[in-house]
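# Architecture and fold: a report
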Amino acid sequence: MKPISSALISVFYKDGLEPIVRLLHEQHVQLYSTGGTQAFIEQLGIPVTAVEDLTGYPSIFGGRVKTLHPAVMGGILYRRGMPEDLAQANRHDIPPIDLVIVDLYPFEETVASGATDEDVIEKIDIGGISLIRAAAKNHNDVLIVSSRSQYADVLTLLKDKAGVTDLTDRRQYAAKAFAVTSHYDTAIRRYFESQSDGTGAEGNLTKEAGVLTDFKTLPANHLRYGENPHQQATFYGDMEAMFEKLHGKELSYNNLVDVDACVGLIDEFPLGDGSSAAFAIIKHTNACGIATAPTAKEAYLTALACDPVSAFGGVLISNVPVDRETAEELNKLFMEILIAPDYAPDALEILRSKKNRILLKRKPVALPSIMFKTILNGVLEQDKDSQTETASQFKTVTQKVPTEGEMRAMEFALKVCKHTKSNTIVLANEAGSSHGRLLASGVGQTSRVDALRQAIEKARAFGFDLTGAVMASDAFFPFPDCVEIAAQAGITAVVQPGGSVRDQDSINYCDQNGMAMVTTGVRHFKH
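Residues numbered from 1 in each chain as written. Predicted model: local features only at pLDDT ≥ 70, side-chain atom pairs only at ≥ 80, totals over all residues. Heavy atoms only, no water.

It is worth spelling out a negative patch on the surface at this point. A grouping of Asp323, Glu325, Asp346 and Glu349 is seen on the molecular surface, where their side chains present a negatively charged patch. Within the secondary structure, Asp323 is located in the loop between strand S13 (314–318) and helix H15 (324–330). Overall, Asp323 belongs to the partly exposed group, its relative accessible area being 35%. (Patch = residues over 30% accessible without salt bridge, like charges linked within 9 Å, V, L, I, M, F, W, Y side chains within 5 Å. Areas by Shrake-Rupley, 256 points an atom, 1.4 Å probe, with all protein chains shown as cover. Salt bridge = Lys/Arg side-chain N within 4 Å of Asp/Glu carboxyl O. Lys, Arg positive; Asp, Glu negative; His and termini not counted. Charge placed at Lys NZ, Arg CZ, Asp CG, Glu CD. Helix = DSSP H or I, 4+ residues; strand = E, 2+ residues; numbered from the N terminus. Buried < 20%, exposed > 50% of the residue type's maximum accessible area, 1.4 Å probe, protein only.)

Structural data, given as structure tokens:
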């Protein structure tokens, strides 16, 4: 166990730093800092010692050399349990530095902005990365915080343990630190390679977003365990580029899989074209609730009503910021994760009341267009299923033409169907003008009939009347049995790919029973 008596804080991003600084001050920790971070701490009215006063040397060469000095590096690296190191530290008046909070210059962001080569080079961090590596190397004595995404966790750690850390804590943060430095150096290498091979920085970034063939060069985030506790797991990728973690515990393997499913589904409902707020609830990668509505609160409550039992412990995502009213409703539900593009300050205050609840703020990041899956003694590669059919692409094959409301409901159902495990049937309807809601789905069944029966049973269990509802199928109907069962349940319109040699049997049944059917010509299997 090591108490923290002193800390060096030098960061580019200051958001989320204030609570840590105030807590360290309350715990009587001596603070050292540089430049803008020093000014930030002084504005909080908290005493801080300038690194220049510690080293006796000014910042030189336009800030390129500030912390690379024995008084700083020595304070981090000397081994507290080794008498020779202690004697040298005392002889040279080198105080210990027990906590290092440092992030790195935004190199990748500068490259992505299209900045000049000169500006990009200036964003290659030297001092910061040296401090991170030094503190991580000496994790036996020093705690390293190497990214703002770790602020919420380290604040909880310092509160819960009253400013004392154990070796397990320090080793975990050291592993994260080396992942940060590894990713940073890889990004710099790729920038220089892109310049020398003629592709340019933008071309290199495009390749990065599209093909992840060299994934082991990405930051390695070691997870607590895999899909089950006896399986080891690692996430290779830059989570910080995509999400800002505002609260909660570390993401697990299953969390990440569900988060990926959430993002894929909610991206079917983009804003900017007059579209509605959308809220989805995911459980084991499948939607157990999703709806669109004029407000986030209405969308959430409508989605929750679909299956409030399965929603317990789910992963939730919104395509609009979460306000206080929505947060008050969300706080009534036990959830693993909530994802949104932003949160109102008073909404965050409410949602942070649960210690382990993970709150993620999503950032706009280009996602890969290629999928990989290990199988047998090799790897499968395929394009992502990026095609979504709209009403303009529907082909009416029955005598009855769907109403405008049915068309909109089928568009909605098809979006959900595409992101649900096969075989699947999705039942939906309009929840008010131009707004859709999931009523129920049959998920991952070995027959389409079983999927439909499962969906109907679930819808009825939660009190939904299926009269006037629509049905979406991820693949064609080989027999008319599904439309027969759907008609008996009150469903009036069907969307499916078509393509069965017996399509006409299903079409004839619809004609005989006043149902509308459209085909898309596109299958959406998901295994």
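Taken in spatial order, the five strands of this open sheet run S4-S3-S2-S5-S6, and their pairing is parallel. Because the sheet does not close on itself, it has two edges, and the strands there are strand S4 (49–50) and strand S6 (143–145). Bridge analysis of strand S2 (residues 6–10) against strand S5 (residues 99–102) gives four bridges, and the strand direction is parallel. Residue pairing in the sheet places Ser10 in a bridge with Val102 of S5. (Pairing = 2+ DSSP bridges.)

This part is about the pattern of salt bridges. Throughout the structure, instances matching the rule amount to 20 salt bridges. Put simply, Asp160 and Lys355 hold a salt bridge, and the shortest N to O gap is 3.4 Å. With Asp160 in helix H9 (residues 151–160) and Lys355 in the loop between helix H16 (345–351) and strand S15 (358–362), the pair connects residues that are 195 residues apart, well separated along the chain. Given a relative accessible area of 52%, Asp160 falls into the exposed group. Overlapping salt bridges, with partners in common, bring together Lys161, Asp166 and Asp169 in one network.

Attention now moves to the packing of helix H1 (residues 18–26) against H9. Between H1 and H9, the least distance of the axes is 10 Å, while the angle of their chain directions is 20°. It follows from the interaxial angle that H1 and H9 lie roughly parallel. In terms of crossing hand, the pair formed by H1 and H9 is left-handed. On H9, the residues touching Pro19, Ile20, Leu23 and Leu24 of H1 are Tyr151, Val154, Leu155, Leu158 and Lys159. For the contact of H1 with H9, the class distribution of residues is eight nonpolar, no polar and one charged. (Axes fitted to C-alpha atoms, helices over the stretch in contact; angles between N-to-C directions. Parallel < 35°, antiparallel > 145°, perpendicular 65-115°, else oblique. Left-handed = near helix turned anticlockwise from the far one by under 90°. Contact = heavy atoms within 4.5 Å. Nonpolar A, V, L, I, M, F, W, Y, C, P; charged D, E, K, R; others polar.)

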